[in-house]
Amino acid sequence: MHNTFLEHVLDDLEKKQFHFASCTFVLPSKRSGTFLKRHISERLEQNIFCPPILSIQDFIGNISGLQQAANVDLLLTLFEVYKDSGIKQHDDFSAFIKWGQTLLMDFNDIDGYLIPANDILNYLSAIKELNHWSLSKEKTEIIENYLQLWGNLEPIYQKFTSILLEQKRAYQGLVQRVAVENLNKAHVATPENPVVFVGFNALNNAEAKIIQHYLEHGNTYVYWDIDTYFLNDPVHDAGLFIRKYQREWPYYIHKGKIEPQNSFLNAKWIEITGVPKSMSQTKFVGQLLQQMAQEKGVDLQNTAVVLADETLLEPVLKAVPSEIGRVNITMGLPLNKTVLHSFFLSFLELNIGVSERGWFYKHVLEFLANPYLLTISSNENIDFAPLLSKDIKEGNWLYVTERMLSKYTGADETLSVIFPSKKVNAKEWIQNCLKLIQRLKDIFQGQQNALELEYLYRFYSLFNQLDQYLEGVEFMSELKSIKNLFKQLSSMETLDFIGEPLSGLQIMGMLESRNLDFETVIITSVNEGILPSGKSNNSFIPFDVKRDYGLPTYKEKDAIYTYHFYRLLQRAKNVHIIYNTEPDVLEGGEKSRLISQLLTDENLKPYISHNIVSPQVKIDSKPPLELIKQGALLEDIKSFAQNGFSPTSLTNYIKNPIDFYTRNILKINDLEEVEENIAANTFGTIVHDSLEELYTPLIGSFLAKDNVSALKPKVPSIVEGHFRKNLTGVDIKKGKYLLVYNVIVKYLKNFIDLELEQVQNHQIKLLALEQKYVEELSIPSVPFPVILKGTLDRVDEVDGTLRIIDYKTGKVEPKNVKVTDWEELITNYDKSKAFQLLCYAYLYSKKHSVHQMKAGIYSFKNLSKGLFSFTEDKNDIIDGQTLSTFESYLYRLILEICSLEIPLTEKTD
């Protein structure tokens, strides 16, 4: 390929007849230094000592004499200063770490841009004083505490920086400020040793001042990686910063000039492709790479996959085809993106959530489901994880206690680490994590699993680091306070991939691409909110204050990414830009403005193609599932019919014959879970059982104001008894169960109030409660006896008319109990409630030879609507004719179920 930017720099230095060994090279990152070394070595005819090649941070660090401190060390020091400040009410460390990082970044910007800290921080305090929300003169305690933090920012900053400077440590911005203050005649390029600054773009004020200092004192050269196309365009964001330096730096005004390159408009092919969702993008990248691997002429050594969204690293690695032999990954995988991180975080939640009652079931089940815990469990004498999980669900354990765990003998040592006998502090939790790491290490060494062992080693180091931090501080003994620190550390630490940096396909993040050029470039996730990242409010300093003081805002941040994007395109021959066509909160917005700029650029039109692809989805027009009634299935249906059809099983068939097959024939019910939020069927059972117990003493008697009113005081104790019977181990004195308990009590009291209204106007005699009925049916064409069975919630007489009542805790609408077209009764599931009422009426009439009655539903969700009575064409009386019609349709339905000729056919609508 034609010259890369780094080769262009070396060509120019050779023209100036400089010996590379005498130069000091300063670059934006260490990574580009590796490539620079390769380019230098390729030009040498004899061996030389490698010239100094420094990143800008190292170069400025040498001037300042300070060492850059780790982020966590800085946060711990800042918290100590904050704690000792004049603020009356302090946040604890776990709350502080959430906003302390933002404050640290603001301090970094203030110093990096050489802003007088006392000016801007006192200005910020005055703004907050003006903006506080209290209208009264006297400030409340909350407002006082809020304003105190802002009023103390300047003293906090001064003390924080003085402590760091005493220790010869600093954050990046402070290193830069001190370096500027230290600049003198000793910090210049000597005549024999030129200093070469290579490929910079967005400099803060401190970096700009240092580079200008070297420029002004001679024998210093700055190579800007900028194309004429952007530098000469007064509004293009890719040239925003470098145009500013050309316009404002005294050196460029009076002495020199910026020399741009001219390669952006060279012939190239830019293919812009829209792909739905992030995972599809990674699959598409895999396809592209496969095509390239198979094509001759595509140099994979000169190909880069640039991930604008770095969270796609793992899926992209999985998508890389096996034909590509060498892959170099320049980005590390953050530890917080690994499954092992979720294992330890889940273990932490388990320990934080422990109370006097035990370990909360949700935390236990989540931990038991983690793949690493399952690995440990399966290598014990007893595989305790599935057994404990099963017991929790079947026993409806809301809390797991030591007594419950004692039954799992054979894994005592491991269980004592996972479920310690006393509440652990932060250091004890870390020791338990190290024990689990040792257990996993033994397992994975036996399996010779190198990748898992590497993961374990990184977390082993992280926990030892965490332990060291705890040695030096007193405010993190509680587990809650360590949680945010653990998250912070694991987000900063990475699992580094070891590879050959100069060969093979390169996979990198946007910032790693600085100063590097590739013939073929694939850029993913080119969407608003990702590239560029757009507005983000990760600062305490308001936008207008930043503008006043010359601090960078989101606009400058966007310009940085615009520069990196166009710089990648500058010398490339083949560019594949991929974006997500489905805007999403988590996966970025619409296609990036950078794509729109490319598409509207007249000079690029001959080189660009734009298309949208989507995964090929084959829609198999599968016929509905059909089960032929033969063999075991036929025997099962016959056995079920002889055992008895219930109204619910028949309505399951009406809804979908396959539902009837799975639920009623195969007995496959919903997944068994711990009822923390009480399932609908359990709720209904408690209501039914409570009503039965309340009203049983009144069977055979007329309901009157006295005997019905006497039921009300009994409601709470009866409901509590049925709670304990149906949900063992629950506490109805607090939490969600208290709310559910109160709802049921309220429902029953409302029902009794409704009953009291009824007895004032009607004579009601209670005949039966929860009575079971069984009837044998003789259906023509069914060669075996069929049983119909059902339980009637309540039977009573109102003013001499028999009435069958069904209780429902779910929602009921009038249309559900009305029949206008009898055919719908056995084909439309919406009429299932009318079907059930007719089943009950039919069963009662067969047993008692009664041929005139009413039937209805009380819905506890809308008791104010009263009884939802069954009606046929607005007639609410169920007579012999109605029952006879129903019988014919009931027989048709059962015949269909039992018929050999009619398969069980899935309903697809």
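The rules behind the values
- Residues numbered from 1 in each chain as written.
- Predicted model: local features only at pLDDT ≥ 70, side-chain atom pairs only at ≥ 80, totals over all residues.
- Heavy atoms only, no water.
- Helix = DSSP H or I, 4+ residues; strand = E, 2+ residues; numbered from the N terminus.
- Buried < 20%, exposed > 50% of the residue type's maximum accessible area, 1.4 Å probe, protein only.
- Contact = heavy atoms within 4.5 Å.
- Pairing = 2+ DSSP bridges.
- Phe/Tyr/Trp six-rings, centres within 6.5 Å; stacked < 30°, edge-to-face > 60°.
- Lys NZ or Arg CZ within 6 Å of the ring centre and 35° of its normal.
- Salt bridge = Lys/Arg side-chain N within 4 Å of Asp/Glu carboxyl O.

1. Some words on the side chain of S29
Then, number 1: With respect to the helices and strands, S29 occurs in the loop between β1 (24-27) and α2 (30-43).
Then, number 2: With a relative accessible area of 13%, S29 lands in the buried category.
Then, number 3: The residues touching S29, leaving out its near neighbours within four places in the chain, are S55 and R514.

2. Structural notes on the pairing of strand β8 (residues 303-307)
Then, number 1: Within β8, five of the five residues are buried, which leaves it mostly tucked inside the rest of the structure.
Then, number 2: Along β8, one buried face is formed by T303, V305 and L307 and the opposite face, lined by A304 and V306, is buried too.
Then, number 3: For β8 and strand β15 (residues 520-524), the ladder comprises five bridges, and the chain directions are parallel. Within the sheet, the bridge partner assigned to T303 lies in β15 and is T520.
Then, number 4: The pairing of β8 with strand β14 (residues 505-509) spans four bridges and is classified as parallel. For L307, the partnering residue across the bridge sits in β14 and is G509.

3. Observations regarding the environment of K605
Then, number 1: Residue position: K605 is located in the loop between α27 (593-600) and β17 (608-612).
Then, number 2: On the accessibility criterion, K605 (47% relative accessible area) is partly exposed.
Then, number 3: Remark: the alpha-carbon pair of K605 and F723, spanning 118 residues in sequence, is separated by 72 Å.

4. As for the pairing of β15
Then, number 1: For β15, a buried count of five out of five residues is recorded, marking the element as mostly surrounded by other parts of the structure.
Then, number 2: Neither face of β15 is left uncovered, since the one carrying T520, I522 and T524 and the one carrying V521 and I523 both have all their residues buried.
Then, number 3: Relative to strand β16 (residues 574-580), β15 is paired through four bridges, and the arrangement is parallel. Opposite V521, over in β16, you have V575 as the bridge partner.

5. Let's talk about the packing of aromatic side chains
Then, number 1: Enumeration over the complete set of coordinates arrives at 58 aromatic pairs.
Then, number 2: Here F96 and W99 contribute two aromatic rings whose centre-to-centre distance is 4.9 Å and whose plane-to-plane angle is 75°, an arrangement assigned as edge-to-face. In this pair, F96 and W99 are both assigned in helix α5 (residues 93-112), three residues apart and thus about one turn of the helix distant. Across the pair, W99 and F96 agree in class, each one buried.
Then, number 3: Counting every residue linked through ring pairs, the aromatic cluster contains F343, F344, F347, F367, Y372, W429, F444, F459, F463 and F486.
Then, number 4: Looking at K268, its charged tip hangs above the ring of F264, at a distance of 5.1 Å from the centre.
Then, number 5: Above the plane of the ring of Y829 lies K655, whose end atom (NZ or CZ) is 5.3 Å from the centre.

6. Section: the pattern of salt bridges
Then, number 1: One pass over the structure, following the stated rule, counts 31 salt bridges.
Then, number 2: Its salt-bridge partner being K483, residue E349 comes within 2.6 Å of it at the nearest N-O pair. Residue E349 is located in helix α16 (residues 339-352), and its partner K483 is located in helix α24 (residues 479-492); the two are separated by 134 residues in the primary sequence.
Then, number 3: Among the charged side chains, a salt-bridge network with shared partners connects D225, D517, R567 and R571.

Everything listed is a geometric property; what it means functionally is a separate question.
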